[in-house]
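# Commentary on secondary and tertiary structure
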Amino acid sequence: MAFPQTRLRRLRKSAVLRDLVRETDLTPRHLVYPMFVELGTDSRTPIEAMPGIDRLSINHAVEEAGEAVALGIPAVLLFGIPAHKDAQGSGAYDEEGVVQLAVRAIKEAHPDLVVITDVCMCEYTSHGHCGIVRDDGQVDNDVTLELLAKTAISHAAAGADAVAPSDMMDGRVGALRSQLDAEGHKETPIISYASKYASAFYGPFREAADSTPQFGDRRSYQMDPANADEAIREALLDVEEGADMLIVKPALPYLDIVHRVKEATRLPIAAYNVSGEYAMIKAAAAAGYLDERASVLEALTGIRRAGADIVITYHAKDVARWLQ
Ligand code: PBG
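Rules used in this analysis
- Residues numbered from 1 in each chain as written.
- Predicted model: local features only at pLDDT ≥ 70, side-chain atom pairs only at ≥ 80, totals over all residues.
- Heavy atoms only, no water.
- Helix = DSSP H or I, 4+ residues; strand = E, 2+ residues; numbered from the N terminus.
- Rg over C-alpha atoms; globule rule 2.2 N^0.38 Å.
- Buried < 20%, exposed > 50% of the residue type's maximum accessible area, 1.4 Å probe, protein only.
- Contact = heavy atoms within 4.5 Å.
- Areas by Shrake-Rupley, 256 points an atom, 1.4 Å probe, with all protein chains shown as cover.
- Near = heavy atom within 4 Å.
- Polar contact = N/O pair within 3.5 Å; in protein donor to acceptor, adjacent residues only side chain to side chain.
- 1 Å grid on protein atoms, 1.4 Å probe; cavity = no way out; pocket = protein on both sides within 12 Å on 5 of 7 lines; lining within 4 Å.
- Sits in = over half its atoms within 2 Å of the grid points.
- Nonpolar A, V, L, I, M, F, W, Y, C, P; charged D, E, K, R; others polar.
- Pairing = 2+ DSSP bridges.
- Right-handed = clockwise from strand over helix to strand, strands pointing away.
- Axes fitted to C-alpha atoms, helices over the stretch in contact; angles between N-to-C directions.
- Parallel < 35°, antiparallel > 145°, perpendicular 65-115°, else oblique.
- Expected span 1.5 Å × (residues − 1).
- Points joined across faces, edges and corners; volume = space filled by probe spheres on them.
- Disulfide = S-S within 2.5 Å.
- Phe/Tyr/Trp six-rings, centres within 6.5 Å; stacked < 30°, edge-to-face > 60°.
- Lys NZ or Arg CZ within 6 Å of the ring centre and 35° of its normal.

## Quick look at the overall build of the protein
A count of helical and extended segments in the protein gives twelve helices and ten strands. Taking 324 residues into account, the globule formula puts the C-alpha radius of gyration at 20 Å, and the protein, at 20 Å, falls close to it. Taken over the C-alpha atoms alone, the protein extends approximately 75 × 45 × 40 Å along its principal axes. The proportion of buried residues among the 324 residues of the protein is 55%. Sequence-distant contacts in the protein: of pairs separated by 6 or more residues, those separated by 24 or more amount to 74%. If you sum the accessible surface of the protein, you get close to 14500 Å²; carbon and sulfur atoms cover 52% of it.

## Side note on the site of the ligand
Taken together, the neighbourhood of the ligand is formed by 18 residues, with Lys 196, Arg 206, Lys 249, Ser 275 and Tyr 314 sitting nearest. At 3.4 Å from a nitrogen atom of the ligand is found a side-chain nitrogen or oxygen belonging to Asp 118. Between the ligand and Arg 206 there is a distance of 2.6 Å, counted from an oxygen atom to a side-chain nitrogen or oxygen. Contact with the protein chains removes 100% of the 400 Å² of surface that the ligand exposes when unbound. When each cavity is represented as a set of grid points, the ligand is found to reside in the largest cavity. For the shell around the ligand, the per-class residue count stands at nine nonpolar, three polar and six charged.

## Quick word on the pairing of strand β8 (residues 245-249)
Among the five residues of β8, four are classified as buried, and the element is accordingly described as predominantly covered. Two elements, strand β7 (residues 191-196) and β8, share five bridges in a ladder whose sense is parallel. Opposite Lys 196, over in β8, you have Lys 249 as the bridge partner. Taking the sense of rotation as the criterion, the β-α-β connection linking β8, helix α9 (residues 255-265) and strand β9 (residues 269-273) turns out right-handed.

## Quick notes on the packing of α9 against helix α11 (residues 292-306)
Direction vectors running N to C along α9 and α11 enclose 30 degrees, while the axes themselves pass 8 Å from each other. Relative to α11, α9 is oriented roughly parallel. Counting all contacts with α9, which are made through Leu 255, Val 258 and His 259, the residues of α11 involved are Gly 302, Ile 303 and Ala 306. Class assignment of the residues belonging to the contact of α9 with α11 gives a composition of four nonpolar, two polar and no charged.

## Regarding helix α5 (residues 141-158)
Here α5 is 18 residues long and its end C-alpha atoms lie 26 Å apart, about the 26 Å a rise of 1.5 Å per residue gives. Put simply, Asp 140 is the residue that caps the front of α5, since its side-chain oxygen is 3.3 Å from the backbone nitrogen of Asp 142. Backbone geometry just downstream of α5 places Gly 159 in the positive-phi region, at approximately 115 degrees.

## Details of empty space enclosed by the protein
Evaluation of the coordinates by the stated rule reveals one cavity of 30 Å³ or more. Counted as a void, the largest cavity has a volume near 150 Å³. Elements that contribute at least two residues to the lining of the largest cavity include exactly β7 and α7 (203-209). Partitioning the lining of the largest cavity into residue classes produces ten nonpolar, three polar and six charged.

## A short note on the side chain of Arg 206
Summarising the element assignment, Arg 206 is placed in helix α7. Accessibility expressed as a relative area gives 17% for Arg 206, which makes it buried. When near neighbours in sequence (up to four residues on either side) are disregarded, Arg 206 contacts Ser 211, Thr 212, Pro 213, Arg 218 and Gln 222.

## Topic: the state of the cysteines
All told, the structure shown has zero disulfides when counted by the stated rule. Left unpaired, Cys 122 is separated from the closest cysteine sulfur, that of Cys 120, by 3.9 Å. In this structure Cys 130 is a free cysteine whose sulfur lies 3.6 Å from that of Cys 120, the closest cysteine sulfur available.

## Considerations on the packing of aromatic side chains
Two aromatic rings are characterised by how far apart their centres lie and by the angle between their planes. One pass over the structure, following the stated rule, counts eight aromatic pairs. Where Phe 79 meets Phe 205, the ring centres are 5.0 Å apart and the plane angle is 75 degrees; that geometry is what we call edge-to-face. Of this pair, Phe 79 sits in strand β4 (residues 75-81) while Phe 205 sits in helix α7, placing them 126 residues apart in sequence. Of the two residues, Phe 79 and Phe 205, neither departs from the other in class, the shared state being buried. An aromatic cluster of at least three residues, connected via ring pairs, comprises Phe 36, Phe 79, Tyr 193, Phe 205, Tyr 272, Tyr 278 and Tyr 314. The positively charged end of Lys 196 is found above the aromatic ring belonging to Tyr 202, 5.7 Å away from the centroid. Here Lys 249 stacks its cationic end above the ring of Tyr 202, 4.6 Å away from the centre of that ring.

Taken by themselves, the reported measurements are silent on function.
As structure tokens, then:
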């Protein structure tokens, strides 16, 4: 009796045949490399829980952006660490702020690199929340929308190719779209963090951006990990408001969400393989518990297989090197 498995086994044994029937590919062109930019002359500040990732002054950010280009990585995502933080998060929409300066410098040096900017207040507010906090301790959604729009406009004016709002305020995509349009940035796409969970896996990022909330947590504006239908509703709302691409975040514990958001919207989907997911593999590899290269390639292939068109990952440069 010839079992079909017998023939499958033959397919799997030959590398050429394996390639011929492979359903998912992972190449550098699917990757976005996130970078943390700080003000400073010629500085590089290591992030303890993220070996290999540093906070970079603008000159080093330009340099690393160049490495990404050389490795065939099409896009970077910028986060800024301002010189000082205040209650209004004024560093976020300062035309001479760290992200605005970095965008100009990177686009000048590498015009073909796609530069995406994170639009949020939490890296810029003294209290670490993603919006303006009222006297009663609650985040003021509508006041925050104005400032987010101002931030997005300043990024677009500096030359950003796309803006990525990660604050999770209600109505932010619509607010950004109408104000970008009104200010002459009709062609700037919005990549919305549509389905963003209140996750423990952002821990190392908050160290990197020094953005841990000083009081309370983000559960009033980020999603409960137990919910999936809600993620689809959030995604559909963002589509209605004009989002051009959607982000699901984190990635690995939420592959079902990646799949469902893709099915429900048919928009380009980016999955954000966040700081804690990076830290886990790095730590296990450093301890000798995991083969770093094999685990990263498997994890990212899984994210692609789930339906992600784009993977935002701190592993991007390593992966591009391994795939060369
Ligand atoms: C918020 C933002 C966060 C991340 C990206 N944008 C952190 C948060 O919501 O606390 C996390 C990314 C990561 O962990 O790699 N501006």
